[in-house]
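Residue-level listing of the chains:
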Amino acid sequence: MSQSILLLAHVDESGATLPRAAYEALGAALDVAKQLGQPLTIGLIGDNIESAANSVAAAGAQKIFAVSGPDFAQARYATDAAAAEAICRAASAEIVIAPATSRFLRVLPGLAHRLKGCADTHLTSIEVIAGKPTVTRWFYRQRLEAVVQRDARPWILLLDTGCHPAWTGTPGAADVQTIAVTVPPEAKRTVVTGVRSPKSDAQTIRPDAKLLFVAGAGWTKKQPDGKTHVPEAEALILDFLRGSGASLGGSKSLVDQSGENQAVLGFMTHLNQVGQTGSTPRHPKGLSTCCHGEEPHVVGWRFVNERRAVNLDPNCGWARGKADVLYVADAFQVIARLNSLFSSKS
Ligand SMILES: Cc1cc2nc3c(=O)[nH]c(=O)nc-3n(C[C@H](O)[C@H](O)[C@H](O)COP(=O)(O)OP(=O)(O)OC[C@H]3O[C@@H](n4cnc5c(N)ncnc54)[C@H](O)[C@@H]3O)c2cc1C
């Protein structure tokens, strides 16, 4: 059975390259193509795709299709869907692998409907089992892992970031076949006029960081001297983030305090919350501080490979098999010491 494979991507905000997630999806698509013995086609969308196309010229794709021009610069459902549809039809794609960027997550399930196919999102792996493309994704807050195969084609697969090594190669001169897509005026009614980010996530949530630093409610609680030390906690945490380049996570108790008019860390929002009702970030290492390590929180650490925690309480949740190393210590002192090591290093 022929199973034509298409890697579909859009250029990143700079317009000069692809988002990192697209190179990861390309790595996965090449593996699948090799295992199925099928050629790979690449499809690109953006204003000017030349430099992005050149960046994947050495990946060994049989063809590179593109829909380009100013109409396709912005993330916009109508134009992105039209471009993606034209590429899928030109490539007669049966398996479409794409990065799970926010731009594509909004568009590609609709594309599947247009093509009378199926889409699966938030995939954590794509491989070939017994000659069939097979994907995995998590359900019920990362507690159940599903392994999915489908007969429906085209099958559109959105791969989450951090799940496959990114393809790398020397840029070359790409031979691109441009597909002309005429966009009616009504498809251009939506215009992106700017990006407004929540006040803190831009600086503190760093999905590519090697370390996840989690702050718990203990940072705002009374300390052994009977007083709270919130301004000191804020300064220590921000210094640590600057010195280490870590991404900042928070426990639910800590992020909820901002809604309850309690003493809060000003830069902590619900976007930072890790856990059952928060996020499940992917980082090679994690350091938890002043956080008890209860199950609804720790379930969010599923994809953090090496876990360490600092807690005053030797009987906290981390001590019960949830961390590789627990430092029974005062996090104020530990982080102050680490910050002074960072500054002496720099
Ligand atoms: C349905 C449901 C969903 C939930 N979802 C989530 C979720 O998504 N994420 C989440 O985080 N929680 C979630 N929770 C809540 C979770 O069960 C805990 O209540 C919460 O994680 C506790 O937060 P914490 O550990 O920061 O605070 P606390 O339990 O108050 O712990 C503070 C810790 O700080 C330590 N400490 C204090 N001072 C210091 C110091 N100087 N040095 C070192 N340690 C110190 C204390 O020993 C203590 O262990 C959920 C609960 C339910 C019921």
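Now for a quick tour of the structure.

As a further point, take the packing of aromatic side chains. Summed over the entire model, instances satisfying the criterion amount to five aromatic pairs. R282 extends its terminal NZ or CZ atom over the ring of F303, reaching a point 4.2 Å from the ring centre.

We now examine the packing of helix 3 (residues 77–91) against helix 4 (residues 102–114). The angle between the axes and the distance between the axes are what describe a pair of packed helices. Two elements in contact, helix 3 and helix 4, have axes separated by 9 Å at closest approach and are oriented at 55°. In terms of their interaxial angle, helix 3 and helix 4 are classed as oblique. When you trace helix 3 past helix 4, the crossing you get is right-handed. Along its contact with helix 3, which presents Y77, D80, A81, A82, A84, E85, C88 and R89, the element helix 4 presents R103, R106, V107, L108, G110, L111 and R114. The class makeup of the residues in the contact of helix 3 with helix 4 is eight nonpolar, one polar and six charged.

Close to the ligand lie 28 residues, the nearest being Q223, S251, T277, H292 and N311. Q223 is positioned such that a nitrogen or oxygen atom in its side chain is 2.7 Å from a nitrogen atom of the ligand. Between a nitrogen atom of the ligand and a side-chain N or O atom of T277, the distance comes to 2.7 Å. Its free accessible area being 990 Å², the ligand has 78% of it covered by the protein chains. When atoms are counted within 2 Å of each cavity's grid points, the one that captures over half of the ligand is the second largest pocket. Counting only elements with at least two residues in the shell around the ligand, the list comes to helix 7 (252–257), helix 8 (295–298), strand 14 (304–311) and helix 9 (331–345).

The rules behind these values
Residues numbered from 1 in each chain as written. Predicted model: local features only at pLDDT ≥ 70, side-chain atom pairs only at ≥ 80, totals over all residues. Heavy atoms only, no water. Phe/Tyr/Trp six-rings, centres within 6.5 Å; stacked < 30°, edge-to-face > 60°. Lys NZ or Arg CZ within 6 Å of the ring centre and 35° of its normal. Axes fitted to C-alpha atoms, helices over the stretch in contact; angles between N-to-C directions. Helix = DSSP H or I, 4+ residues; strand = E, 2+ residues; numbered from the N terminus. Parallel < 35°, antiparallel > 145°, perpendicular 65-115°, else oblique. Left-handed = near helix turned anticlockwise from the far one by under 90°. Contact = heavy atoms within 4.5 Å. Nonpolar A, V, L, I, M, F, W, Y, C, P; charged D, E, K, R; others polar. Near = heavy atom within 4 Å. Polar contact = N/O pair within 3.5 Å; in protein donor to acceptor, adjacent residues only side chain to side chain. Areas by Shrake-Rupley, 256 points an atom, 1.4 Å probe, with all protein chains shown as cover. 1 Å grid on protein atoms, 1.4 Å probe; cavity = no way out; pocket = protein on both sides within 12 Å on 5 of 7 lines; lining within 4 Å. Sits in = over half its atoms within 2 Å of the grid points.

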